[in-house]
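What follows is the residue order along each chain.
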2 protein chains.
Amino acid sequence: MTILYFEEAEVGKLRMAGPYLVSKNDIIQFAEKFDPQPFHLNEEAAARSVFAGLTASGAHTFGILISLLSKTEPYSLRVVAGLGWDELRLPIPVRPGDELRLEVTILDKRQSKSNSDRGIIRNQIHLRNQKSEIVLECINNVLVACRPVA
Amino acid sequence: MTILYFEEAEVGKLRMAGPYLVSKNDIIQFAEKFDPQPFHLNEEAAARSVFAGLTASGAHTFGILISLLSKTEPYSLRVVAGLGWDELRLPIPVRPGDELRLEVTILDKRQSKSNSDRGIIRNQIHLRNQKSEIVLECINNVLVACRPVA
């Protein structure tokens, strides 16, 4: 697994992870703990909802994004700290049997002014289902370590 | 429990939920499934990390926010759909034994132009620990049902 320093991270280059298979049990278990809405918990109630079937909590979809984010290929980044998330949207719900894939592209990067040993990278993130529909998109800012001076 | 229609929701009015007690086991269980980093999984490894102790995954903290969001008092909103999350920041990590409280304030509201039966509400969200430190903040946009015409 290749983990890049700030200097080596290339703007515009795509990295990917997945697939992550989402089961009905996963959806129900997560919902029981964090989001006990009928359309996340119960297939029959969900069939009668606006979603016409069981869907994952948005917080669950975000959890799946996090689980894929550290596993991207052909490389990941030497992240020191997360700085935050912007423009997080969940345009299409995740359903049982979905296979999710993560796509991350570096939008821009800049050296930190206060710390010469790190830089700030802004990532565009897309999580897609097996039909290539976007189920989650957001922008993620991270602090990334610079290559240590020899 | 009071659930308000769009017309009844008052800009600037605070609603609250909690406390939500976070246990060490909760933190480890969530991390095993979604974010298996040493500082979320193992107390000894966490003690040696920059966090100097076990901390919850940011995705876990977001899950706790979701679990509190539908339980606010003195009222909640008749939400039709979530529209997204902006400026999500996690300035201080959640630790075992933390008691989290949610504060939500309506920043603004506007009638939908395309659908007269709903409106858009923008909420400022703060999740705080028992020391009143903010562990998560964000802005959340939701579509809220209008009072049905009699």
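Heads up: the structure comes first, above all this text.
These numbers come from a predicted model, not from an experiment.

Caption draft 1: How the structure looks around the overall build of chain A. A tally of helices and strands in chain A yields four helices and seven strands. Each helix (α) and strand (β) of chain A, taken in turn from the N terminus, gives the series β-β-α-α-α-α-β-β-β-β-β. For chain A, the C-alpha atoms occupy an extent of roughly 60 × 25 × 20 Å along the three principal directions. Here chain A, with 150 residues, has 47% of them falling under the buried criterion.

Caption draft 2: Representation of the sheet that holds strand S2 (residues 14-21) of chain B within the structure. Within the open sheet, the ten strands sit side by side as S2(A)-S5(A)-S6(A)-S7(A)-S4(A)-S4(B)-S7(B)-S6(B)-S5(B)-S2(B). Their pairing is antiparallel. Edge positions in the sheet fall to strand S2 (14-21) of chain A together with S2 of chain B, since each has one partner strand and no second. Taken over all neighbouring pairs, the strand axes of this sheet differ in orientation by 25° on average, direction set aside. For strand S5 (residues 99-111) of chain B and strand S6 (residues 118-128) of chain B, the ladder comprises ten bridges, and the chain directions are antiparallel. Its bridge partner lying in S6(B), Leu102(B) is registered against Leu127(B).

Caption draft 3: Fine view of the interface of chain B and chain A. The interface of chain B with chain A comprises 24 residues on the first partner and 24 residues on the second. Together, the buried faces of chain B and chain A total about 1900 Å²; carbon and sulfur atoms form 59% of this surface. Summed over the shared surface of chain B and chain A, the result is four salt bridges. Counting only elements with at least two residues in the side of chain B that touches chain A, the list comes to helix H1 (24-34), helix H4 (58-69) and strand S4 (79-89) of chain B. Looking at side-chain class alone, the side of chain B that touches chain A contains eleven nonpolar, seven polar and six charged residues.

Caption draft 4: Representation of the nonpolar core in the model. Ranked by size, the top nonpolar core spans 55 residues in total, and within it Phe62(A), Leu65(A), Trp85(A), Leu102(A), Phe62(B) and Leu65(B) carry the most contacts. For this core, the element with the most residues is helix H4 (residues 58-69) of chain A, which contributes seven residues. Setting aside residues up to four positions removed in sequence, Leu65(B) forms contacts with Trp85(B), Leu102(B), Ile125(B), Leu127(B), Leu136(B) and Cys138(B).

Caption draft 5: Seen up close, the side chain of Asn123(A). Mapping Asn123(A) onto the fold places it in strand S6 (residues 118-128). At a separation of 3.3 Å, a polar atom in the side chain of Asn123(A) contacts the side chain of Arg15(A).

Caption draft 6: Expanded view of the relation of the copies chain B and chain A. Placing chain B over chain A gives an RMSD of 0.0 Å and needs a rotation angle of 180°, together with 0.0 Å of translation along the axis. The transformation relating the two chain copies, once decomposed into turn and shift, fits a two-fold axis. Taking C-alpha positions as the reference, the residue of chain B nearest the rotation axis is Asp86(B), at 2.4 Å.

Caption draft 7: Summary view of the packing of aromatic side chains. In the structure shown here, the tally under the stated rule is ten aromatic pairs over all chains. With centroids separated by 6.3 Å and ring planes inclined at 65°, the aromatic side chains of Phe30(A) and Phe30(B) adopt a geometry described as edge-to-face. Here Phe30(A), found in helix H1 (residues 24-34), pairs with Phe30(B), found in helix H1, and the two come from separate chains. Phe30(B) shares its class with Phe30(A); the two are buried. Ring centres of Phe62(A) and Phe62(B) lie 5.1 Å apart, and the angle between their planes is 55°; on these two criteria the pair is classed as tilted.

Caption draft 8: Molecular detail of unusual backbone geometry. Residues and elements named next belong to chain A. Pro-74 follows Glu-73 through a cis peptide bond whose omega is 5°. Mapped onto the fold, Pro-74 is located in the loop between H4 and strand S3 (76-77). Located in the positive-phi region is Glu-87, a residue other than glycine, with phi close to 50°. Tracing the chain through its elements places Glu-87 in strand S4 (residues 79-89).

Caption draft 9: Seen up close, the pairing of strand S7 (residues 134-145) of chain A. Residues and elements named next belong to chain A. Within S7, ten of the twelve residues are buried, which leaves it mostly tucked inside the rest of the structure. As judged from the seven bridges shared by S4 and S7, these two strands associate in the antiparallel manner. Within S7, the position partnered with Arg-89 by the bridge is Glu-137. The pairing of S6 with S7 spans eleven bridges and is antiparallel. The residue of S7 that forms the bridge with Arg-122 is Asn-141. What sits between S6 and S7 in their antiparallel hairpin is a turn of five residues, with Ser-132 showing a positive phi close to 75°.

Caption draft 10: Up close: the pattern of salt bridges. Tallied over the full model, the rule gives 14 salt bridges over all chains. Among the ionic pairs, Asp86(A) bridges to Arg89(B), the shortest N-O distance being 3.2 Å. Here Asp86(A), found in strand S4, pairs with Arg89(B), found in strand S4, and the two come from separate chains. Residue class for Asp86(A) comes out buried when judged on its relative accessible area of 14%. One salt bridge connects Arg122(B) with Asp108(B), and the closest N-O pair in it is separated by 2.7 Å. With a gap of 14 residues between them, Arg122(B) in strand S6 and Asp108(B) in strand S5 connect regions that are remote in the sequence. The partly exposed category is assigned to Arg122(B), whose relative accessible area is 30%.

Calculation notes
- Residues numbered from 1 in each chain as written.
- Chains lettered and ligands numbered in written order.
- Predicted model: local features only at pLDDT ≥ 70, side-chain atom pairs only at ≥ 80, totals over all residues.
- Heavy atoms only, no water.
- Helix = DSSP H or I, 4+ residues; strand = E, 2+ residues; numbered from the N terminus.
- Buried < 20%, exposed > 50% of the residue type's maximum accessible area, 1.4 Å probe, protein only.
- Pairing = 2+ DSSP bridges.
- Axes fitted to C-alpha atoms, helices over the stretch in contact; angles between N-to-C directions.
- Contact = heavy atoms within 4.5 Å.
- Buried area = accessible area lost by both parts, 1.4 Å probe.
- Salt bridge = Lys/Arg side-chain N within 4 Å of Asp/Glu carboxyl O.
- Nonpolar A, V, L, I, M, F, W, Y, C, P; charged D, E, K, R; others polar.
- Core = buried A, V, L, I, M, F, W, Y, C linked by side-chain atoms within 4.5 Å.
- Polar contact = N/O pair within 3.5 Å; in protein donor to acceptor, adjacent residues only side chain to side chain.
- Least-squares fit on C-alpha atoms with pLDDT ≥ 70 in both.
- Phe/Tyr/Trp six-rings, centres within 6.5 Å; stacked < 30°, edge-to-face > 60°.

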